[in-house]
Amino acid sequence: EALKLIASQEPTPPSHVTKKVPRDLETICLKCLEKDSKDRYDSASDLADDLRRYLNGEPIQARHVSRLRRGWKWIKRHPLKAGAILFVVLLMLSPLAFLYLQYRERQQIRERAEALAPQAHEILKRNCWECHGQNPKQIDRNLDILNHEQLIDEKRPLIIPGKPSDSRLFQRIRDGSMPPRSRERELPLLTENEINILSDWIRGGAPTIPIETIDTLAPVEPFSALA
């Protein structure tokens, strides 16, 4: 049993037995008890020199073994146990890693939607605002297309944040019925790139754009530069 302990377990640090043992003396003792001969003193003379330094209050040559190094030494002696522990830890952390990746993905989608919000605003203004909002007295279906609250109103389901395919407005743009086919000369159908911009904007929650950003948008041209 003693031989097994010597071969497989690290010696108990003297300070664990009594707190009065000085740190340098403990370091010297533990160096003498290292499992690997390369980690011990090369000779009794080297040990005597280090003890002499300790007694004279000088810095010793031996270095205190960190917890990280002790852990690495244990892993080398017990690879199977270490592998089993690592497997259990990874198994426990995998749900957290999955949740974190989901969170990061949602965050990136949201950030992209916020970046695309000014372009989405420009697309809606150029293609829909003339009928839905430009003239408050003749507004079609009582819809101001640039009114964010009306767009995401659950009663209308024009824009369902996070769900482009379920949003009525996006469906009409996607199937080519908005802008109206009767006005294709003045309001050409959206390009695939513009449709993708609206899709990513809605998928990220259809965030509104700050009022100060609206004021700095470039004038809307008959044919969008986004095409």
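Among the structural elements, Glu-26 can be located in helix α3 (residues 23-32). The side chain of Glu-26 is buried and forms no salt bridge, while Arg-23, the nearest opposite charge, is found at 6.0 Å. Residues in contact with Glu-26, not counting those within four places in the same chain, are Pro-13, Pro-14, Ser-15, Val-21 and His-64.

Our next topic: unusual backbone geometry. Even without being a glycine, Pro-157 presents a positive backbone phi close to 40°. On the secondary structure map, Pro-157 appears in the loop between α7 (148-151) and α8 (168-174). One non-glycine residue, Ala-206, adopts positive backbone phi at about 50°. If you trace the backbone, Ala-206 turns up in the loop between α9 (192-203) and α10 (211-215).

This paragraph deals with the nonpolar core. Taken as a class, soluble globular proteins show a tendency for nonpolar side chains to be buried jointly. Counting residues in hydrophobic clusters, the biggest one holds 23 residues, and the most contacted among them are Leu-124, Leu-169, Ile-173, Leu-198 and Trp-201. Secondary-structure elements contributing two or more residues to this core are α6 (79-127), α8 and α9. Residues contacting Ile-173, with those up to four places away along its chain left out, are Leu-124, Met-178, Leu-190, Ile-195 and Leu-198.

Position of Ser-177 relative to the elements: it lies in the loop between α8 and α9. For Ser-177, a relative accessible area of 25% gives the class partly exposed. Here the alpha-carbon distance between Ser-177 and Leu-189, two residues 12 residues apart in the chain, equals 8.6 Å.

Here the focus is the packing of α6 against α9. Two elements in contact, α6 and α9, have axes separated by 7 Å at closest approach and are oriented at 130°. Viewed along their axes, α6 and α9 adopt a mutual orientation that is oblique. When the axes of α6 and α9 are compared, the crossing they make is left-handed. Taken together, the residues of α9 that come into contact with α6 (itself represented by Ile-109, Arg-112, Ala-113, Leu-116, Ala-117, Gln-119, Ala-120, Ile-123, Leu-124 and Arg-126) are Glu-194, Ile-197, Leu-198, Asp-200, Trp-201 and Arg-203. Looking at the contact of α6 with α9 residue by residue, the classes come out as 10 nonpolar, 1 polar and 5 charged.

An α-helix turns once every 3.6 residues. As a result, residues three or four positions apart point the same way. Between the first and last C-alpha of α9 there are 16 Å, a value that for 12 residues agrees with the 16 Å anticipated at 1.5 Å per step. Of all the residues in α9, the buried ones are Glu-194, Ile-195, Ile-197, Leu-198, Ser-199, Asp-200, Trp-201 and Ile-202. Against the buried residues of α9 lie α6, α7 and α8. Directly beyond the C-terminal end of α9, a positive phi value near 105° is found at Gly-205.

We now examine the pattern of salt bridges. Taken as a whole and assessed by the stated rule, the structure comprises 9 salt bridges. With its nearest N and O atoms 2.9 Å apart, the salt bridge here joins Asp-49 to Arg-52. Highlighted residues: Asp-49 and Arg-52, both in helix α4 (residues 44-55), separated by 3 residues, approximately one helical turn. Owing to a relative accessible area of 27%, Asp-49 belongs among the partly exposed residues under this scheme. Exposure remark for Arg-52: the relative accessible area of 46% places this residue in the partly exposed category. The salt bridge partner of Asp-50 is Arg-53, with a shortest N-O separation of 3.2 Å. Placement of both Asp-50 and Arg-53 in helix α4 is noted, with a separation of 3 residues, approximately one turn of the helix. Judged by its relative accessible area of 0%, Asp-50 is buried. Judged by its relative accessible area of 22%, Arg-53 is partly exposed. Each of Arg-112, Asp-200 and Arg-203 takes part in one network of salt bridges that share partners.

How each quantity is defined
Residues numbered from 1 in each chain as written. Predicted model: local features only at pLDDT ≥ 70, side-chain atom pairs only at ≥ 80, totals over all residues. Heavy atoms only, no water. Helix = DSSP H or I, 4+ residues; strand = E, 2+ residues; numbered from the N terminus. Buried < 20%, exposed > 50% of the residue type's maximum accessible area, 1.4 Å probe, protein only. Lys, Arg positive; Asp, Glu negative; His and termini not counted. Salt bridge = Lys/Arg side-chain N within 4 Å of Asp/Glu carboxyl O. Contact = heavy atoms within 4.5 Å. Core = buried A, V, L, I, M, F, W, Y, C linked by side-chain atoms within 4.5 Å. Axes fitted to C-alpha atoms, helices over the stretch in contact; angles between N-to-C directions. Parallel < 35°, antiparallel > 145°, perpendicular 65-115°, else oblique. Left-handed = near helix turned anticlockwise from the far one by under 90°. Nonpolar A, V, L, I, M, F, W, Y, C, P; charged D, E, K, R; others polar. Expected span 1.5 Å × (residues − 1).

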